[in-house]
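# Report on the structure
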There are 2 protein chains.
Amino acid sequence: MQNAAATPNPNPSASRTRSRRGEGERLRDEVLDAAEALLSEVGSEDGVSMRAVAQRVGVSAAALYLHFPDKFSLMDAVCHRGFEHFASTIDAAAGSAADPLDALRRMGRAYIEFGLENPEKYKILMLQGDPERYASLPPDEMPGMDAFAMLVRRVGDAMDVGAARVADPFLVSVGVWTALHGIVTAMIVMESFPWPPVDQVIDQVVESQLRGLADGPGGPRRTKKVANRG
Amino acid sequence: MQNAAATPNPNPSASRTRSRRGEGERLRDEVLDAAEALLSEVGSEDGVSMRAVAQRVGVSAAALYLHFPDKFSLMDAVCHRGFEHFASTIDAAAGSAADPLDALRRMGRAYIEFGLENPEKYKILMLQGDPERYASLPPDEMPGMDAFAMLVRRVGDAMDVGAARVADPFLVSVGVWTALHGIVTAMIVMESFPWPPVDQVIDQVVESQLRGLADGPGGPRRTKKVANRG
DNA sequence: GACGTTCAGTGAACGCCGTTCACTTTGTAC
DNA sequence: GTACAAAGTGAACGGCGTTCACTGAACGTC
């Protein structure tokens, strides 16, 4: 029985030379690289130990604490580095859209694709919420908050130009986002579920959300009160 | 800084007397009770250690291994005990419905409520998927599979009586379920998100899924091919 | 070129964890 | 009374995150 974390260092310590004076930050990047590689090899946060990361870099475990106060911060940094362009990627996807509703459709696809391409990071960032440290952050420092703000804006746009029913854009955005989040989460975690082809699932979720947004001649089935929020 | 797991045994060992011959199973239930209590106090699987469970029961840590081969099995048993009536609760919710579409609405609400009332267990069961052990289970042994099968049947019913657009019931059910799952997951994990009142969110998600299901005079915006699946 | 400082990093330890195993205690059947 | 099996113990193993006193090299200064 093999354990990926126990695999001897593929980049052994012999190769690493101590940083020169003033180059201490070099280690920080090396650590992030090693942690990221280890994470995607092992697939879960628990499988990535500080000792294993250190060994792969070719450094003692204590050295990691020169740059990260604890393991949580290290994993956090890894994930944030991976999600640096999350919001902009999603927003860019909307760029080539024909109309605001189409923009939302493209954003939805981009969100799901991004999540499925970075499963370990998505899991850690969005599912691991250590209530003590994460959940107590101010809302605007939460992981996908900038991406969410864009979604709210886009939903508002769609309503402004009459492409979507008038409703509370915040509430609608919560619905859209949780639906996207649900599909990413479920597909990541429950690998053995007999998922239909991913494109079909994306279509199903995104389209049904959009149908909900823009219901045509039938008119709204229910009136929602419009509210303003941050 | 206090650690709930380190709290001294509120049911100290003095009170427990060794089981009589043939009563070994007694310990099993006591362990499950203690683990469940600890889990809901601490809120995460990691916070529940075998030693802490044992201490609370008033027994050595090794004794737990007489009834559970490892920690995973213990947590699994705790969660399954909590979710024993998951499927039936959800199905019961549909019982009093006026029509098949209303039945789906009530099931959705029941699903979300059940999840929000058992957050730790929902997290472990649905989010912790240890790929090595869980994900490789045969599909019909996955946690909520019986509940999902009911959903597929109900969606099929709605289509049969003409209450919903004709489509692939399996695919539609995946969409409905992932949406419900998304909202439960997100609300459990991201506590500090400025959630709208839970009833509004439930309405938003469930209704938009149902609007997608039953689109009236406008007719289907897109045709889906109908497929059959186990 | 010796000196002190400071940066970059080490090695051993602490207390926790899941798990194992040789062992004891206890009740019962013969 | 004795043998046996069930019920449970205690100490240990290796791994974990983290801390802390310490070291060796590089640099500015005299």
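Residue numbers restart at each chain and count upward from 1, following the sequence in its written direction. Both sets of labels track the order of writing: A upward for chains, 1 upward for ligands. Side-chain atom pairs in this predicted model are given and counted only at pLDDT of 80 or more, local residue features only at pLDDT of at least 70, and totals for whole chains, interfaces and linings cover all residues. Water and hydrogen atoms were dropped before computing side-chain values, which therefore reflect all heavy atoms in the structure.

## Overview of the overall build of chain A
- Each helix and strand counted, chain A has 10 helices and 0 strands in total.
- Every helix listed is a DSSP run of H or I at least four residues long, and every strand listed is a run of E at least two residues long, numbered separately from the N terminus. When the helices and strands of chain A are placed in sequence order, the string is α-α-α-α-α-α-α-α-α-α.
- Only protein chains enter the calculation, and the probe is 1.4 Å; a residue is then buried if its accessible area is under 20% of its type maximum, exposed if over 50%, and partly exposed in between. The proportion of buried residues among the 230 residues of chain A is 52%.
- Of the contacts formed within chain A by residues at least 6 apart in sequence, a portion of 70% connects residues at least 24 apart. We call two residues in contact when some of their heavy atoms are within 4.5 Å.

## Focus on the nonpolar core
- Counting residues in each nonpolar core, the largest one holds 147 residues, and the members touching the most others are Trp177(A) and Trp177(B).
- Those residues in contact with Trp177(B) that lie beyond four places of it in its chain are Ala186(A), Met190(A), Phe193(A), Trp195(A), Tyr111(B), Met126(B), Phe148(B) and Leu151(B). Note on terminology: a nonpolar core comprises buried Ala, Val, Leu, Ile, Met, Phe, Trp, Tyr and Cys residues joined through side-chain atoms within 4.5 Å.

## Quick look at the environment of Ser44(B)
- With respect to the helices and strands, the residue Ser44(B) is situated in the loop between α1 (25-42) and α2 (50-57).
- Considered as a pair, Ser44(B) and Ile124(B) are 80 residues apart in the sequence and their alpha carbons are 8.2 Å apart.

## Observations concerning the packing of helix α7 (residues 119-127) of chain A against helix α9 (residues 169-189) of chain A
All names here are of chain A.
- Under this scheme, a helix contributes an axis fitted over its contacting stretch, all axes are lines through C-alpha atoms, and angles between N-to-C directions fall in the 0 to 180 degree range. Contact pair α7 / α9: the axes reach a minimum separation of 10 Å and the direction vectors enclose 125°. Accordingly, the angle class assigned to the pair α7 and α9 is oblique. Remark: the crossing between α7 and α9 carries left-handed chirality. Contacts between α7 and α9 involve Pro119, Tyr122, Lys123, Met126 and Leu127 from the first element and Trp177, His181, Val184, Thr185, Ile188 and Val189 from the second. Angles below 35 degrees are treated as roughly parallel, those above 145 as roughly antiparallel, those between 65 and 115 as roughly perpendicular, and all remaining angles as oblique. Put simply, a crossing is left-handed when the front helix is turned counterclockwise from the back one by less than a right angle, and right-handed when it is turned clockwise.

## Notes on the packing of aromatic side chains
Residues and elements named next belong to chain A.
- Note on aromatic contacts: the rings of Phe and Tyr and the six-membered ring of Trp form a pair at centre separations within 6.5 Å, being stacked when their planes are under 30 degrees apart, edge-to-face when over 60 apart, and tilted otherwise. Inspection of every chain in the model, using the stated rule, returns 26 aromatic pairs over all chains.
- Ring centres of Phe83 and Phe86 lie 4.9 Å apart, and the angle between their planes is 50°; on these two criteria the pair is classed as tilted. Residues Phe83 and Phe86 agree in their burial class; the two are buried.
- Note on Phe83 and Phe114: the rings are 5.3 Å apart at their centroids and 75° apart in plane angle, and the pair reads as edge-to-face. With Phe83 in the loop between α4 (71-82) and α5 (86-95) and Phe114 in helix α6 (residues 100-117), the pair connects residues that are 31 residues apart, well separated along the chain.
- With relative accessibility at 10%, the residue Phe83 sits in the buried group.

## Some points on the side chain of Arg16(B)
Residues and elements named next belong to chain B.
- Positionally, Arg16 belongs in the segment before α1.
- Whenever a nitrogen or oxygen atom comes within 3.5 Å of another N or O atom, the pair is scored as a polar contact, on the condition that within protein one atom can donate a hydrogen and the other can accept it, and that pairs from neighbouring residues in sequence are kept only if both atoms are in side chains. Engagement of the side chain of Arg16 in a polar contact is seen with the side chain of Glu30, the distance being 2.3 Å.
- Apart from residues lying up to four places away in sequence, Arg16 is in contact with Arg26, Leu27, Glu30, Val57, Gly58 and Val59.

## A closer look at the pattern of salt bridges
Residue and element names in this part refer to chain B.
- Salt bridge, as used here: a side-chain nitrogen of Lys or Arg that lies within 4 Å of a carboxyl oxygen of Asp or Glu. In this structure the tally under the stated criterion is 20 salt bridges over all chains.
- For Glu36, the salt bridge identified is with Lys121, shortest N-O distance 2.6 Å. A residue pair is termed long-range when its members are at least 10 positions apart, and Glu36 in helix α1 and Lys121 in helix α7 (residues 119-127) qualify at 85 residues.
- Using a relative accessible area of 23% as the deciding quantity, one classes Glu36 as partly exposed.

## A closer look at α5(A)
Residues and elements named next belong to chain A.
- Three or more residues of α5 are buried, namely Phe86, Ala87, Ile90, Asp91 and Ala94. The arc enclosing the buried residues of α5, seen along the axis, measures out at 125°, which places them on a common side. Exposed residues pointing more than 90 degrees away from the buried face of α5 are listed as Ala92 and Gly95. Think of it as the arc spanned by the lines of direction from the helix axis to the C-beta atoms.

## Section: the environment of Ala179(B)
- On the secondary structure map, Ala179(B) appears in helix α9 (residues 169-189).
- On the basis of relative accessible area, Ala179(B) is assigned to the buried category, the value being 1%.
- Along the primary structure Ala179(B) and Ser208(B) are separated by 29 residues, whereas in three dimensions their C-alpha atoms are 9.9 Å apart.
- Ignoring sequence-local partners within four residues, the contact set of Ala179(B) consists of Thr178(A), Ala179(A), Val205(B) and Gln209(B).

## Looking at α6(A)
All names here are of chain A.
- The end-to-end C-alpha separation of α6 is 26 Å, in line with the 26 Å expected for 18 residues at 1.5 Å each.
- At its buried positions, α6 is contacted by α4, α5, α7, α8 (145-160), α9 and α10 (198-213).
- A side-chain oxygen of the first residue of α6 lies 2.9 Å from the backbone nitrogen of Leu101; this N-cap is Asp99. Take the residue count of a helix, subtract one, and multiply by 1.5 Å to get its expected span.

## Observations concerning the packing of helix α4 (residues 71-82) of chain B against α7(B)
Residue and element names in this part refer to chain B.
- Two elements in contact, α4 and α7, have axes whose closest approach is 9 Å; the angle formed by their N-to-C orientations is 115°. Judged by the sense of rotation from one axis to the other, the crossing of α4 with α7 is left-handed. Residues Met75, Asp76, Val78, Cys79, His80 and Gly82 of α4 form the contact with α7, whose participating residues are Lys121, Ile124 and Leu125.
- When grouped by side-chain class, the residues that make up the contact of α4 with α7 number 5 nonpolar, 2 polar and 2 charged. Charged means Asp, Glu, Lys or Arg here, nonpolar means Ala, Val, Leu, Ile, Met, Phe, Trp, Tyr, Cys or Pro, and polar covers whatever is left, Gly included.

## Considerations on the confidence of the model for chain A
- What pLDDT reports is the predictor's confidence in each residue, on a scale of 0 through 100. With 78% of its residues at a pLDDT of 70 or more, chain A shows a mean pLDDT of 82.
- A low-confidence stretch, residues 1-10 of chain A (pLDDT under 50), is modelled with 10 contacts involving residues beyond four sequence positions or located in other chains.

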